[in-house]
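Now for the letters of each chain:
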Amino acid sequence: DAIARLIDGADLVINMAAVIPPRADKHPQAAVACNDLGAAALVSELEKSDKPPALIHISTVALYGNRSGAHKFARVGDPLLVSPLDIYSATKLRGEFKVLESALDKWAVLRQTAMLHPQMLNDNIHDGLMFHTVFDAPFEWLTAHDSGLLIRRIADRINDGTMPDSFWKKCYNMAGGAKNRAYGMDVFDDGF
């Protein structure tokens, strides 16, 4: 009922809901409830709507699994191979598939990459998230500001009618480009 009320009259729904590590590791049932079942409930309500709003679903590049020097920077179309025992990736994959398999006419999936935000080092040193990374893991950083700006521009184009039909029913990786690429060791070295 809450979802039905939230989407009533909407032109666009942006699903940024997620339980991420390390909380997902400590509370796997919360990750299942939000990342998988929550996405399923949202899609179900959107499909029931007489005039479903467009859906932007935020996912993660973690779906590509543990990448290293041999499997560097993920591209859309690469195999989705979530890391064993990674409840976050597994539940985000199941949630994403609810969108991909939906009957909705207008959806897009944005797979978020490593998020650089102002308090990242301070926040992650206390919760251990930074230590989920191996030294040769590739990162392609995106700032929280640029992520928000991209989503705002997508919303503006939908709102003003300039979003091309070719945008819909596709997955995209959100990342900062080649100048924002680094490996785990570089991140630790620069960060500390």
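Residues numbered from 1 in each chain as written. Predicted model: local features only at pLDDT ≥ 70, side-chain atom pairs only at ≥ 80, totals over all residues. Heavy atoms only, no water.

Chemist: Report on the layout of surface pockets, specifying residues and quantitative values.
Modeler: Roughly 1500 Å³ of volume is contained in the largest pocket. Forming the walls of the largest pocket are 50 residues, and the residues nearest its centre are Thr113, Ala114, Met115, Leu129 and Phe139. At the level of elements, β2 (54–60), α4 (87–100), β4 (115–116), α5 (120–127), β5 (138–140), α6 (144–159) and α7 (184–191) are the ones that each hand at least two residues to the lining of the largest pocket. At 6 residues, the largest contribution of residues to the lining of the largest pocket is made by α7. Across the lining of the largest pocket, the residue classes break down as 26 nonpolar, 15 polar and 9 charged. Considering only enclosed or pocket space, the second largest pocket measures out at about 150 Å³ in volume. Leu110, Leu142, Asp146, Leu150, Ile154, Phe167, Tyr172, Asn173, Met174 and Ala175 are the residues that line the second largest pocket. (1 Å grid on protein atoms, 1.4 Å probe; cavity = no way out; pocket = protein on both sides within 12 Å on 5 of 7 lines; lining within 4 Å. Points joined across faces, edges and corners; volume = space filled by probe spheres on them. Helix = DSSP H or I, 4+ residues; strand = E, 2+ residues; numbered from the N terminus. Nonpolar A, V, L, I, M, F, W, Y, C, P; charged D, E, K, R; others polar.)

Chemist: For the nonpolar core, give the residues involved together with the corresponding values.
Modeler: In this structure, Ala54, Ile56, Ile58, Ala108, Leu110, Leu142, Ile151, Ile154, Met163, Phe167, Trp168 and Met174 together form the largest nonpolar core, which totals 12 residues. At the level of secondary structure, the elements contributing two or more residues to this core comprise β2, β3 (107–112) and α6. For this core, the leading source of residues is β2, giving 3 residues. Among all residues touching Met174, those that are not within four sequence positions of it are Leu110, Arg111, Gln112, Thr113, Leu142, Ser147 and Leu150. Grouped together as the second largest cluster of nonpolar side chains are 11 residues, Ile7, Val13, Val43 and Leu46 included. (Core = buried A, V, L, I, M, F, W, Y, C linked by side-chain atoms within 4.5 Å. Buried < 20%, exposed > 50% of the residue type's maximum accessible area, 1.4 Å probe, protein only. Contact = heavy atoms within 4.5 Å.)

Chemist: With reference to specific residues and values, describe the sheet that holds strand β1 (residues 12–15).
Modeler: Read across the open sheet, the 4 strands follow the order β1-β2-β3-β7; overall the sheet is parallel. Bordering the open sheet on either side are β1 and β7 (170–174), each of which pairs with just one other strand. The average angle at which neighbouring strand axes cross in this sheet is 20 degrees, direction not considered. In the sheet, β1 pairs with β2 via 4 bridges, with the strands oriented parallel. Across the sheet, the residue bridging to Leu12 is Ala54, located in β2. (Pairing = 2+ DSSP bridges. Axes fitted to C-alpha atoms, helices over the stretch in contact; angles between N-to-C directions.)

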